[in-house]
Amino acid sequence: MSEVWIALGICIVLVLGAAIPLLRDRDSGRAPPPPPKETLRDWRKGE
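From a predicted model like this one, the values you see are computed outputs, not experimental measurements. (Residues numbered from 1 in each chain as written. Predicted model: local features only at pLDDT ≥ 70, side-chain atom pairs only at ≥ 80, totals over all residues. Heavy atoms only, no water.)

Moving on, we come to the overall build of the chain. When you go through the chain residue by residue, the secondary structure sums to 1 helix and 0 strands. Looking at the chain as a whole, 0% of its 47 residues are labelled buried. For the chain, the accessible surface area stands at approximately 5,100 Å², while carbon and sulfur atoms represent 67% of it. (Helix = DSSP H or I, 4+ residues; strand = E, 2+ residues; numbered from the N terminus. Buried < 20%, exposed > 50% of the residue type's maximum accessible area, 1.4 Å probe, protein only. Areas by Shrake-Rupley, 256 points an atom, 1.4 Å probe, with all protein chains shown as cover.)

With that settled, the discussion passes to a nonpolar patch on the surface. The grouping of Met1, Val4, Trp5, Leu8, Ile12, Leu16 and Ile20 at the surface amounts to a nonpolar patch, some 750 Å² of accessible area in total. Here leucine 8 lies in helix 1 (residues 2-23). Residue leucine 8 is classed as partly exposed on the basis of its relative accessible area, which comes to 40%. (Patch = residues over 30% accessible without salt bridge, like charges linked within 9 Å, V, L, I, M, F, W, Y side chains within 5 Å. Salt bridge = Lys/Arg side-chain N within 4 Å of Asp/Glu carboxyl O.)

In structure tokens form, the structure reads like this:
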């Protein structure tokens, strides 16, 4: 049974180790997104 707890602990540590960088500092220090580029014109309007 102790092997199961060790394996479970390792899985939890790996998941937390992968998730913490994604959750921490999500928006701080990041530049705002660039303005949208020009899109294709609507050919149905005949412009």
